[in-house]
Amino acid sequence: MKMKRLGSTGVLVSELCLGTMTFGWTTPEEESHSMLDQFTAEDGNFIDTADVYSQGNSEKIIGKWLSRQDRESLVIATKGRFRTGPHANSVGLSRKHLMHSVSESLNRLGTDYIDLFQLHAWDPLTPMEETLSTLNSLIEDGKIRYMGVSNFRAWQFEKALQMCRLRGWHEPVSIQPQYSLVVRATEFEILPMASSEGIAVLPWSPIAGGILSGKYVDGISKAPKGTRAGDSRNPTMYMKFENDRTRRILAVLSRISQEIGKTRAQIALNWVMGNRSITSPITGARDKVQLAENIGSAGWSLSRSHLREIDEASAMDVTYPYDAASEEQQMRERELS
Ligand SMILES: NC(=O)c1ccc[n+]([C@@H]2O[C@H](COP(=O)([O-])OP(=O)(O)OC[C@H]3O[C@@H](n4cnc5c(N)ncnc54)[C@H](OP(=O)(O)O)[C@@H]3O)[C@@H](O)[C@H]2O)c1
């Protein structure tokens, strides 16, 4: 795997990040440790977790493995914001909850610093100044090295960034949005904003929780128990992809797969990695077999004609102000200026 800069920072991360949401959930501890070994043996150095994954067990499993590693060689990313306890303040981006969340993550990971601490989502209740000044202090105190966000809209990220610039605080360096062939709305605002600001983009669910592997041949609604789509606690999360557009995408992936000898999951992941705005997609896997397949998405590129076919099959309805008419208007404004 190649190394890439984490946005505009001096930190290098592998072109695939290992997602660990399955650790302690569908993936037992021993298999999780083998997957971490497998990922680092393939030059992966970037690992993503969160305080809420398996109620903290994902971080604990990583922590046990981390105690046997060279800590400096790894870039560990985690997140805080979602509910971790029953109290009124066990959730959100308040100074109180964030300080607690970081300290608990440090304990579970068994480390004295987090490389990238991400706000898991926007919090409409907490003033942005409170959240960002807390993260600034956590960086100054050496508990976190960099801060990023996840699931923010582009205007929310930009507001946070400008606030940090005005106050002279450490700035967010990354954004973690959902992005895949079935979720391309990220291209409207988030990707152009990130490119323009030099922000790292770390897409989650790059193969739509397994759907783009094409394994649900009888449809997503028939996904067998024991799979992500079959067991999802939130069935609407995957059922919304049961449509003609997804079927068109899978048909093109199947045809290209036969032509180039890569699997549908590898092609779907490679398509995400090939976008110049993307730093490292976060790949999820339940076991070493899936992880080996997904790591095989690195080290090659899709041809222009295959990219065009995939783009056409996955195209979305584009409405104002992203449509051709408004683009033409913007070009005209540039010509006149
Ligand atoms: N910031 C956020 O809000 C957020 C949200 C979600 C995830 N994340 C992060 O992003 C990471 C990846 O998300 P994700 O797990 O949804 O990503 P994904 O890579 O789209 O889906 C992974 C799932 O797909 C199936 N799968 C993986 N490889 C496969 C293959 N080669 N063939 C067939 N099935 C395969 C597995 O589920 P089954 O075997 O059960 O089918 C696996 O758990 C997570 O671990 C987490 O770190 C962040």
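Please read these numbers as outputs of a predicted model, since none were measured by experiment.

## What to know about the overall build of the protein
The secondary structure content of the protein amounts to 13 helices and 10 strands. Its C-alpha radius of gyration of 20 Å places the protein within 12% of the 20 Å reference for a compact globule of 337 residues. For the protein, the spread of C-alpha atoms along the three principal axes comes to 60 × 50 × 35 Å. Buried residues in the protein amount to 42% of all 337 residues. Of all intrachain contacts in the protein linking residues separated by at least 6 positions in sequence, the fraction that spans at least 24 positions is 75%.

## Thoughts on the sheet that holds strand β3 (residues 17-19)
Pairing in this open sheet of eight strands is parallel, and the strands run β9-β8-β7-β6-β5-β4-β3-β10 from one edge to the other. Edge positions in the open sheet fall to β9 (200-201) and β10 (282-283), since each of these has one partner strand only. Direction of pairing for strand β8 (residues 172-176) relative to β9: parallel, over a ladder of two bridges. In the strand pairing of β9, Ser-174 is matched with Ala-200.

## Observations regarding the site of the ligand
Taken together, 29 residues lie around the ligand, and Gly-19, Met-21, Gly-210, Ser-213 and Gly-284 are the ones closest in. Elements with a contribution of two residues or more to the shell around the ligand: β10 and α11 (288-295). Broken down by element, the shell around the ligand gets its largest block of residues, three residues, from α11. Residues belonging to the shell around the ligand are distributed by class as follows: eight nonpolar, 16 polar and five charged.

## So, the packing of helix α9 (residues 244-260) against helix α12 (residues 304-313)
Between α9 and α12, whose axes approach to 8 Å, the crossing angle comes to 165 degrees. The orientation of α9 with respect to α12, classified from their angle, is roughly antiparallel. For α9 against α12, the interelement crossing comes out right-handed. Of the residues in α12, those in contact with Arg-248, Ile-249, Val-252 and Ile-256 of α9 are His-306, Glu-309, Ile-310 and Ala-313. Class assignment for the residues of the contact of α9 with α12 results in five nonpolar, one polar and two charged.

## Overview of unusual backbone geometry
Cis geometry marks the peptide bond from Tyr-320 to Pro-321, where omega comes out at 5 degrees. Phi angles above zero are rare outside glycine, and Ser-54 is one such case at about 50 degrees. Judged by C-beta crowding, with 20 C-beta atoms within 10 Å, Ser-54 ranks as buried. Positive phi, normally seen in glycine, also occurs at Gln-55, with a value near 50 degrees. Mapped onto the elements, Gln-55 comes out in the loop between β4 (46-48) and α2 (57-66). Since 12 C-beta atoms lie within 10 Å of it, Gln-55 is described here as exposed.

## Description of the pairing of strand β5 (residues 75-80)
Extensive coverage of β5 is indicated by the burial of six of its six residues. Neither face of β5 is open: one carries Val-75, Ala-77 and Lys-79, the other Ile-76, Thr-78 and Gly-80, and all of them are buried. Examined bridge by bridge, β4 and β5 share three bridges and lie parallel to one another. Among the inter-strand pairings, Asp-48 is bridged to a residue of β5, identified as Ala-77. Relative to strand β6 (residues 114-119), β5 runs parallel, the two being bridged by four bridges.

## Examining the environment of Leu-138
Relative to the elements of secondary structure, Leu-138 occurs in helix α4 (residues 128-140). Not counting the four nearest positions on each side in its chain, Leu-138 is found in contact with Val-102, Phe-117, Lys-143 and Ile-144.

## Some thoughts on the confidence of the model for the protein
Of the residues in the protein, 96% reach a pLDDT of 70 or more, and the chain-wide mean stands at 95. Model confidence for the protein, summarised as mean pLDDT per element, is weakest for helix α13 (residues 324-336) at 66 and strongest for β4 at 99.

## Comments concerning the pairing of β6
Burial of β6 is extensive: six of the six residues sit out of reach of the surface. One crossover worth recording links β5 to the parallel β6 by way of helix α3 (residues 95-109), and it is right-handed. As paired elements, β6 and strand β7 (residues 144-150) share five bridges and run parallel to each other. Note on β7: the bridge partner recorded for Ile-114 is Ile-144. In this fold, β6 hands off to α4, which returns the chain to β7; that crossover is right-handed.

## Observations regarding the environment of Asp-287
Position of Asp-287 among the secondary structure elements: in the loop between β10 and α11. Here Asp-287 falls in the partly exposed class, since 15 other C-beta atoms lie within 10 Å of it. A sequence separation of 261 residues divides Asp-287 from Thr-26, and the C-alpha atoms of the two residues are 8.7 Å apart. Once you skip the residues sitting within four places of it in the chain, Asp-287 turns out to touch Thr-27 and Glu-31.

## Looking at the environment of Glu-15
Positionally, Glu-15 belongs in the loop between β2 (12-14) and β3. With 167 residues separating them along the chain, Glu-15 and Val-182 place their C-alpha atoms 21 Å apart. Leaving out residues up to four positions away in the same chain, Glu-15 has contacts with Met-1, Lys-2, Lys-4, Met-273, Ser-280 and Ala-298.

Conventions and cut-offs
Residues numbered from 1 in each chain as written. Predicted model: local features only at pLDDT ≥ 70, side-chain atom pairs only at ≥ 80, totals over all residues. Helix = DSSP H or I, 4+ residues; strand = E, 2+ residues; numbered from the N terminus. Rg over C-alpha atoms; globule rule 2.2 N^0.38 Å. Buried ≥ 20, exposed ≤ 12 C-beta atoms within 10 Å, placed from the backbone. Contact = placed C-beta atoms within 7 Å. Pairing = 2+ DSSP bridges. Near = placed C-beta within 6 Å. Nonpolar A, V, L, I, M, F, W, Y, C, P; charged D, E, K, R; others polar. Axes fitted to C-alpha atoms, helices over the stretch in contact; angles between N-to-C directions. Parallel < 35°, antiparallel > 145°, perpendicular 65-115°, else oblique. Left-handed = near helix turned anticlockwise from the far one by under 90°. pLDDT = per-residue confidence, 0-100. Right-handed = clockwise from strand over helix to strand, strands pointing away.

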